[in-house]
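# Coordinate inspection notes
The lines below spell out each chain.
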Amino acid sequence: MLRLLARGSGHHGLTEIADSLGLARGTAHGILRTLQRVEFVEQDQSTGRYRLGAALLHLGTSYLDANELRSKSINWADTLAARSGQEVRIGMHHDGAVLVVHHVFRPDDSVQTLGIGAMLPLHATALGKVLLAYDPALSAAARQRELTSLTRRTITRPQALERVLTEVRAQGWAGEAEEYLPGEASIAAPIRVPGGLVVGAIGVSGAADRLCDSAGRPRATLVRQVVQAAEAVTTSLVDEN
């Protein structure tokens, strides 16, 4: 049941859960109630749908420390930088922000600054949006704080941020254009551990005109490359465990 809740949009109805697992609705409901009591599952009071709870998500986050996540992702990050021609960052949540645990330079001769150890805003970066989208407790905390305006495009209204996070869960990746830095954009996708819990994100960043089309949408080729890299890291983590 927990694996099911970790897949797709992350929000599932009782009938969907019962049918997917071949359980009677009463049996499925009883299991869900038990998981709710230990905070492994949460129920959205407005929709009645279920999702992974904060307690289980935090267990998943502790599964890998920053060094482990970096070491298990480094080869795929190098490959993504070579394929995309963009700089690549791997991040995880730390103290209300995105901690950059690995950074691969854009493969050209331009002057660049190593970003390992940098702390990025959750609400204004693609890496951060991925982490928020799959951690209900983290996103709830973000909506309760003031969302700092960094550029004229930064999302500052909690309702607007929640709509974006719903889209991230539905499509499996996040993007932003000039929300963090003017003229810059980023695309990211989730890294999962066995069981489907999201423990980090991998993404590309660079000039908005290179990452986005004329309408400001992330380029489909780059989205596909980022998602494939995230899936490759996830597969390697699952295979090792």
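All of these numbers come straight from a predicted model, not from anything done at the bench.

### As for unusual backbone geometry
- Positive phi, normally seen in glycine, also occurs at aspartate 95, with a value near 55°.
- One can find aspartate 95 in the loop between strand S3 (87-94) and strand S4 (97-104).
- By relative accessible area, aspartate 95 is classed as exposed at 69%.
- In the Ramachandran plot, glutamate 178 falls in the positive-phi region, its phi being about 60° despite a non-glycine side chain.

### Details of the nonpolar core
- One finds Leu5, Leu32, Val88, Ile187, Ile191 and Ile202 to be the most contacted residues of the largest nonpolar core, which totals 43 residues.
- Here the element with the most residues in this core is helix H10 (residues 220-239); it accounts for eight residues.
- Formed jointly, this core draws a minimum of three residues from each of two domains, domain 1 (2-58) and domain 2 (66-239).
- Grouped together as the second largest cluster of nonpolar side chains are 24 residues, Val130, Ala142, Leu161 and Leu165 included.

### As for the pairing of S4
- Most of S4 is tucked away: eight of the eight residues are buried.
- Note that S3 and S4 share seven bridges and pair antiparallel. In the sheet register, methionine 92 faces S4, and the bridge partner there is leucine 99.
- What sits between S3 and S4 in their antiparallel hairpin is a turn of two residues, with aspartate 95 showing a positive phi close to 55°.

### Looking at the domain arrangement of the protein chain
- When cut into domains, the protein chain gives domain 1 (2-58) and domain 2 (66-239).
- Domain 1 and domain 2 are separated by 27 Å when their C-alpha centres are compared.

### As for the sheet that holds S3
- In spatial order, the strands read S5-S4-S3-S8-S7-S6; together these six strands make up an open sheet with antiparallel pairing. Because the sheet does not close on itself, it has two edges, and the strands there are strand S5 (119-120) and strand S6 (174-177).

### Observations concerning a nonpolar patch on the surface
- A cluster of nonpolar side chains, namely Phe105, Leu114 and Ile116, defines an oily patch on the protein surface of about 270 Å² accessible area.
- By relative accessible area, which is 35% here, phenylalanine 105 ends up partly exposed.

### Some details on the packing of helix H6 (residues 126-133) against helix H8 (residues 158-171)
- Where H6 meets H8, the axes come as close as 9 Å, and the angle between the chain directions of the two elements is 85°. Our classification of the angle between H6 and H8 gives roughly perpendicular. In this structure, H6 uses Lys129, Val130, Leu132 and Ala133 to contact H8, whose residues at the interface are Leu161, Val164, Leu165, Val168 and Arg169.

Conventions used here
Residues numbered from 1 in each chain as written. Predicted model: local features only at pLDDT ≥ 70, side-chain atom pairs only at ≥ 80, totals over all residues. Heavy atoms only, no water. Helix = DSSP H or I, 4+ residues; strand = E, 2+ residues; numbered from the N terminus. Buried < 20%, exposed > 50% of the residue type's maximum accessible area, 1.4 Å probe, protein only. Core = buried A, V, L, I, M, F, W, Y, C linked by side-chain atoms within 4.5 Å. Domains from an automatic or database assignment. Pairing = 2+ DSSP bridges. Patch = residues over 30% accessible without salt bridge, like charges linked within 9 Å, V, L, I, M, F, W, Y side chains within 5 Å. Areas by Shrake-Rupley, 256 points an atom, 1.4 Å probe, with all protein chains shown as cover. Salt bridge = Lys/Arg side-chain N within 4 Å of Asp/Glu carboxyl O. Axes fitted to C-alpha atoms, helices over the stretch in contact; angles between N-to-C directions. Parallel < 35°, antiparallel > 145°, perpendicular 65-115°, else oblique. Contact = heavy atoms within 4.5 Å.

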